[in-house]
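Chain residues, written in single-letter form:
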Amino acid sequence: MATSLLARPIRLLIALCALNVAGLSAQAPGRASNQPVFKAGVELVRLDVRVTDDEGRPIKNLHREDFEVLEDGQSRPIVFFEHLEEPSGTIAEVARRTVASEVSTNQGAARGHLYVLVFDQNHIATGNEQRARIAAEKFLKSRIRPGDRVAAFALPGPGPQVDFTPDVAKVSKELVKVRGALERIGFGALGAMRVHEAYEIVRGNDEILTRVATGLSQASASTDFVGGVVQRTTDDPNVFTRLVQEDARTIVARADEEARRFLLMLADLMHALRNIEGRKSILLFSEGFYTDHLNTDLERAAAAAAQSYSVIYSFDLNAREIDPHQMTPVGHEPYAEIHSRLAPLGTLAAETDGALVNHASSWLDRALSNIADQSQDYYVLGFEPHPDAIKTRGSYRRVKVNVAQSGARVGTRTGYSITSDSTPVDRRRAINGALGSPFPQQSLRVEYTTYVLHGTAPGAQKVLMSLEAELPLAVAGKKDTADVVFAVRDRRDGRVVASGTDVIQLPDASRPAATTGVGTYRVQFDLAAGEYLMRAVVREPGGLVGSADRGFVVQALDRPGVTVSDLILGSIQPSGPPVRASAYASDVLTGALELYGRTPEQVRDVVVKVDLAPLGGSAAVRSTDAELLQVKPKGSSTSREARIELPLEGVPPGQYLARAVVRAGGETVAELVREVAVLQGIRPAAAQNAPAVLRPLDVLSGQVAQRYIVLLRDRTRGARLEAAGVFAASGDWRRVEAALGPAENDTPGDAQALRGLALFARGDYGPAAHKLKAAFETDPKLAAAAFVLGWCYAGSGDDRRAIGAWRNAAMFDPSLVPAHLALADAYVRLSQPSLAAQAVRAGLTALPNSPELLGRLSELQRR
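Residues numbered from 1 in each chain as written. Predicted model: local features only at pLDDT ≥ 70, side-chain atom pairs only at ≥ 80, totals over all residues. Heavy atoms only, no water.

What is the right way to look at the overall build of the chain in this model?
Along its length, the chain carries 26 helices and 35 strands. For the chain, the share of sequence-separated contacts (at least 6 apart) that also reach a separation of at least 24 residues comes to 73%. Here the chain has roughly 37,000 Å² of accessible surface; of this, 51% comes from carbon and sulfur atoms. (Helix = DSSP H or I, 4+ residues; strand = E, 2+ residues; numbered from the N terminus. Contact = heavy atoms within 4.5 Å. Areas by Shrake-Rupley, 256 points an atom, 1.4 Å probe, with all protein chains shown as cover.)

So, in C-alpha cells, the structure goes:
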C-alpha cells in the first residue's frame, strides 16, 4: 500500500555513508575568486533567458560572466547559472541516456513542451470559439510530440478543466465544451449601448456621449420604456446626459468586474503551476477586454506568470468583417474597439516574453505551429533580489537582462515577484509537485545509481542507492540542510513499493573559486525481483529543486544456480559505493562483488575475470583475476566474495569501463560493467589524511543517532521531556533546549541525554560530552549513546576518549559499521594505520561482506 512520503518520514540512512554521517569532511582550501557564491538560504529570483542570433538560432556558448541583470539601474549578482540545452534525439534515446543508463541524471533529460490552453469564454463571441477549438484540435493531433504535456481550461467554467496529461484524445474530447459568451451590448436604466461606447463615454468622449444620448432620447420619446422618469427629463438635455453617463458607468463597472474575475482566475491557474519546473506556454484564446481600471489586476497576473515561469501567447479572435446588421455608421470605431480590447493581451504577452498574435483567426494553424517549433534551449539565471523586493513581497519588480555578445537577441520576462516567506507547507508542496511533475526538474543537478545485493528477508533483495546533488555552499556557523525524497514504483501497476525522506548536509567549499558544492546521500531498502521506476527529488533551502528518474531491474538472487550481485568499485570518495567511480592513475582500482548459490559446490569453482577498457573501445588496458574468498553460509544458501585489485599505474587518464565476467562450469553466468574515471596525477596528501571538520547535524541526522533520538522520544515521561523528545526527533534543537528549561533542572538520564544532544547540535562539545557521559552512565550498554558521545569527545579535540567511546559502541553492537569506521579514522589521525586496519578487521569479523568496511581496509592497505 502506497504511503505518503511526507506523512511518514523514513530515515533509512545506513552505514554505507558512515563517514559522511559520522560528520567528517575535508577542509577545503581558501577561495580565490570574487565571483558571487551560491550560499545556503539565499532567496533566489530565477530567470529563464533565451538567447538567439539574427536568424533565431540559439546561442549555446555563453557563460555566467556574459550576462548582466539590471534592477533599478543597478547590477544584481548572479549566484546561480545553468545552461539547459534541448535534448537531442528521440524520447527513447534521451531516456536511455538519462533514465536507463548506469548513472541516472536530470542533465539532458527529456522535457518536452508544457502547453496550457486557456479559453477566455466571457470574452469570446458566440461562434468565434469554433475557430479556436478547431485549430486547437488540429494542433493537438499534428504537433504534440510524445514527450509533451497539455492542459486545457475554460475560464470561467463550465468547460474543459484538464490538468497536464500526455493524452491528446482526452483533451480534444473536452474542447467541444468550450463556449463563447461575449456580450458587446450593455443595458442600463435608459436602454442599451455598446460596451465600447460606455467606455468611451467614461473616458470623456463627448462625441460618442452626444450620439448615444440622442439615440436613447429618440427611443424613449417614441415608447414608454422608461415610464414617467424619462418623460419628466427628456426636455432637459443636461439631466438626460447625466443619466446616460450614469448608465455608462454602470455598464463599465459590470465589464470591469467580468475582466477582473478572469484575471484573478488566470493568476490562480498560473500560481498552481509554479511547482512544475520549466517554461509553460499559455495559449490564451480571447477577443480581449478593457483594463482602464484594472492595472493592479493585470500586474498581479504578470507576477503570477513570473513566479510560475509561464509565457503567454495571446490569440486575437476578433472578427474584422463588417456586421451586416449594424444600422448606424460607426466608421473606425470597430477597429478602435479591437485595439482597446487587445491592449491587455499584448501587455501580458510582452511582460512574459510571449507574443500577441493579431487577427489570429486567419492564421491560427501557422501561429500554433510556430510556437511548437521554438527551441527549448535556454539559460537559467539566479540572482539575489533587491532588498526592497523582500520588504514588499508580491509586488512586481522590473528587470533587464543584457548579454555581452554582439548581435545576440535576449528573450525573457520583464520582471519578477517574490512570494511570501517559505513555510514547511510550501516545502512539502514543492516536493510533492516535483514528485508529480511530468518531467524531471533541472534547477539542481541530480545524479544517482543503484546497486543490488542479496537481501536478508525471504524473496527480497537489498538495493543501495547512491546520490549526488549540486547544492549551495553552507554558510559559516549555520547548519543548513537540503531535503531529499525518493519514491520507487512497480513498473507493472504504479504502486509505491519503497520511499523515504531525509536531509543532506550542505557542502563546504570543495575547491578554490567554487560557487556551489556537491552533497551526497545514500540509502538502503528492500525490493522483490521486478522492474521499477524511481524518482529522487532534492530541494535546497532557498527553494530550487532538482529531480531525476531512474529505471532499473532487480534480479532474483535466490534462484537456482549461481547468481551475482552488482559490481561495486572503490573511489577516491571514502563514503561508500560511489555514484561514479574514480581513481588516480597512481592508485589501485578496488572493487567487490558477491556470488550466491544454493550449495557450496556451486560457487566453489567460479572464475571472475576483470578487464579495464577505454569507454567506447574494445581492447583492455588492464586485466586481472578477482581474488575469491572463503565460501560462507548465507541463510539457506551460500555466498562467496570476489575482491578486485587492478593497478592503474601507466593507465592514461580518461573514461574507462570496468567489466567483470563471471563463469561457472565453463559457462558465463554474468557480465557486470561499471564506468570509472582515471584521474591524472597522485592522490593529494590532503585527500589521504585531511584535517577533519566536525559537522554535528550530519551525525544527528544519521541512522545511529536517529535510533538513539527515537528511543529517547518514545520512553520519556512528563510534559517537559515529552515535548523535548518530539522536538529532538524533528531536529529542532533550539526548541529542545527551550522545552528542557534551565540546565540545573536536568534529572539524571534522558533529560541529560537530550540536553547533551542539543548542546552537540550547536557545537558546544565540552558541555555536550559532560551531559552525554552522565546519561551514558545511567544506561552503560547503549551503543548509539556511546557512538554520539565519541563525537562529542572528537569535537572537543580529545581523540583518545573518542576512541574509548567508539570502542564501547562497537563492543555493544558489533554490526555498527559507523563505529568501526570512526575508530579507523581516529587512529589514522593519530598516525597509527595498523590499529586503524585492526579496527576495520574487527568490524569485518561481524560483517564480512560490508562494502564500506572492505573499501576502507583496501584503502588502508595501499598506504
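Now that the structure has been shown, we can carry on.
What is the right way to look at the nonpolar core in this model?
Nonpolar side chains in soluble globular proteins generally cluster together in the buried interior. The biggest cluster of nonpolar side chains holds 69 residues, and the ones touching the most others in it are Y708, W733, F760 and F787. Counting residues in hydrophobic clusters, the runner-up holds 41 residues, among them F486, L506, Y521 and V523. (Core = buried A, V, L, I, M, F, W, Y, C linked by side-chain atoms within 4.5 Å. Buried < 20%, exposed > 50% of the residue type's maximum accessible area, 1.4 Å probe, protein only.)

What's the story with the packing of aromatic side chains in this structure? I'm lost.
In this description, an aromatic ring pair is defined by two values, namely the gap between the centres and the angle between the planes. All told, the structure shown has 15 aromatic pairs when counted by the stated rule. Summarising the aromatic geometry, the rings of F67 and Y379 are spaced 5.2 Å apart at their centres and angled 55° between planes, so their arrangement reads as tilted. Linking F67 in strand β2 (residues 67-71) with Y379 in strand β14 (residues 378-383), this pair joins segments that are 312 residues apart in sequence. In this structure an aromatic cluster arises from ring pairing among F67, F81 and Y379. (Phe/Tyr/Trp six-rings, centres within 6.5 Å; stacked < 30°, edge-to-face > 60°.)

Quick question: what am I supposed to make of empty space enclosed by the protein here?
Leftover empty space is mapped by rolling, across the atoms, a probe with the size of a water molecule. A full pass over the atoms with the stated rule returns five cavities of 30 Å³ or more. The volume enclosed by the largest cavity comes to roughly 200 Å³. Lining the largest cavity we find 20 residues, and of these G112, L114, G278, R279 and Q376 sit closest to its centre. Sorting the residues of the lining of the largest cavity by element identifies β6 (114-120), β11 (280-286) and β12 (310-316) as the ones contributing at least two each. When its residues are assigned to classes, the lining of the largest cavity shows eight nonpolar, seven polar and five charged. (1 Å grid on protein atoms, 1.4 Å probe; cavity = no way out; pocket = protein on both sides within 12 Å on 5 of 7 lines; lining within 4 Å. Points joined across faces, edges and corners; volume = space filled by probe spheres on them. Nonpolar A, V, L, I, M, F, W, Y, C, P; charged D, E, K, R; others polar.)

I'm lost on the packing of helix α17 (residues 703-715) against helix α20 (residues 750-761) in this one. Help?
Working note: a packed helix pair is described by the angle between its axes plus the distance between those axes. Two numbers describe how α17 lies on α20: the axes approach to 11 Å, and their chain directions differ by 140°. On the basis of their axis angle, the class for α17 and α20 is oblique. Where α17 crosses over α20, the handedness of that crossing is left-handed. On α20, the residues touching Y708, I709, L712 and R715 of α17 are D750, A753, L754 and L757. Its residues assigned to classes, the contact of α17 with α20 comprises six nonpolar, no polar and two charged. (Axes fitted to C-alpha atoms, helices over the stretch in contact; angles between N-to-C directions. Parallel < 35°, antiparallel > 145°, perpendicular 65-115°, else oblique. Left-handed = near helix turned anticlockwise from the far one by under 90°.)

Whenever I open this one, the environment of E737 confuses me. Can you help?
Mapped onto the elements, E737 comes out in helix α19 (residues 733-740). Considering only alpha carbons, one finds E737 and L754, 17 residues apart in sequence, at a separation of 8.2 Å. The residues touching E737, leaving out its near neighbours within four places in the chain, are R755, A758, L759 and R762.

Mind showing me how you'd approach unusual backbone geometry here?
Most peptide bonds adopt trans geometry, and most residues besides glycine take a negative phi value. Geometrically, the link from L155 to P156 is a cis peptide bond, its omega value of -10° lying close to zero. Tracing the backbone shows P156 in the loop between β7 (149-155) and β8 (161-165). Here the bond from G157 into P158 is cis, since omega is 0°, no more than 30 degrees from zero. By secondary structure assignment, the location of P158 is in the loop between β7 and β8. Positive phi, normally seen in glycine, also occurs at D72, with a value near 55°. On the accessibility criterion, D72 (56% relative accessible area) is exposed.

Explain the sheet that holds strand β1 (residues 45-52) here, please?
By definition, the strands of a sheet pair up through backbone hydrogen bonds, in either a parallel or an antiparallel sense. Strand order in the open sheet formed by four strands is β4-β14-β1-β16, with antiparallel pairing between adjacent strands. Two strands bound the open sheet, and with one partner strand each, they are β4 (78-84) and β16 (409-411). The sheet shows a mean angle of 25° between the axes of neighbouring strands, direction not considered. With six bridges joining them, β4 and β14 adopt antiparallel strand pairing. Bridge pairing in β14 links H83 to Y379. (Pairing = 2+ DSSP bridges.)

Would you explain the sheet that holds strand β5 (residues 104-105) in this entry?
If you trace the four strands from one edge of the open sheet to the other, you get β5-β18-β19-β22, paired in antiparallel fashion. A single partner strand is all that each edge strand has here, and the edge strands are β5 and β22 (517-528). Note: strand β18 (residues 446-454) against strand β19 (residues 460-471), nine bridges, orientation antiparallel. Residue pairing for β19: E447 is matched across the bridge by E468.

What exactly am I supposed to notice about the pairing of strand β29 (residues 607-614) here?
On any regular strand, side chains alternate: one points to one face of the sheet, the next to the other face. The pairing of β29 with strand β34 (residues 654-664) spans eight bridges and is classified as antiparallel. The residue bridging D611 from the neighbouring strand is R659, located in β34. Two elements, β29 and strand β30 (residues 622-625), share four bridges in a ladder whose sense is antiparallel. Across the sheet, residue V610 finds its bridge partner in β30, namely T624.

I keep staring at helix α21 (residues 765-778) and nothing clicks. Help me out?
The α-helix winds at 3.6 residues per turn, so residues separated by three or four positions along the chain end up facing the same way. Between its first and last C-alpha, α21 extends 20 Å over 14 residues, near the 20 Å set by a 1.5 Å rise per residue. Residues Y765, A768, A769, K771, L772, A775 and F776 constitute the buried set of α21. (Expected span 1.5 Å × (residues − 1).)

Before we go on, may I ask you to explain the side chain of D813 in this structure?
By secondary structure assignment, the location of D813 is in the loop between α23 (799-812) and α24 (817-829). Exposure remark for D813: the relative accessible area of 18% places this residue in the buried category.

Please explain the confidence of the model for the chain as it appears in this structure.
Close inspection of predicted coordinates is inappropriate for parts of the model with low pLDDT. Across the chain, pLDDT averages 83, with 88% of residues at or above 70. Segment residues 1-33: pLDDT under 50, and 103 contacts once partners within four positions in sequence are set aside and those in other chains are kept. Segment residues 685-692: pLDDT under 50, and eleven contacts once partners within four positions in sequence are set aside and those in other chains are kept. (pLDDT = per-residue confidence, 0-100.)

What is the right way to look at the environment of V401 in this model?
Within the element layout of this structure, V401 appears in strand β15 (residues 397-403). We classify V401 as buried; its relative accessible area is 8%. The spatial distance from the C-alpha of V401 to the C-alpha of V49 is 8.3 Å, given a sequence separation of 352 residues. Those residues in contact with V401, other than ones at most four positions away along the chain, are L47, V49, F67, E68, V69, L381, V410 and T412.

Explain the environment of A619 to me, please; I cannot follow it from the model alone.
With respect to the secondary-structure elements, A619 resides in the loop between β29 and β30. When sequence neighbours within four positions are dropped, the list of residues in contact with A619 reads A613 and P614.

Would you mind showing me how to read the pairing of strand β35 (residues 667-679) here?
In the sheet, strand β27 (residues 581-584) pairs with β35 via four bridges, with the strands oriented parallel. Along β35, the bridge assignment pairs A583 with V678. Pairing analysis gives eleven bridges linking β34 to β35, with the strands arranged antiparallel. When the bridges of β35 are listed, Q655 appears paired with A677.

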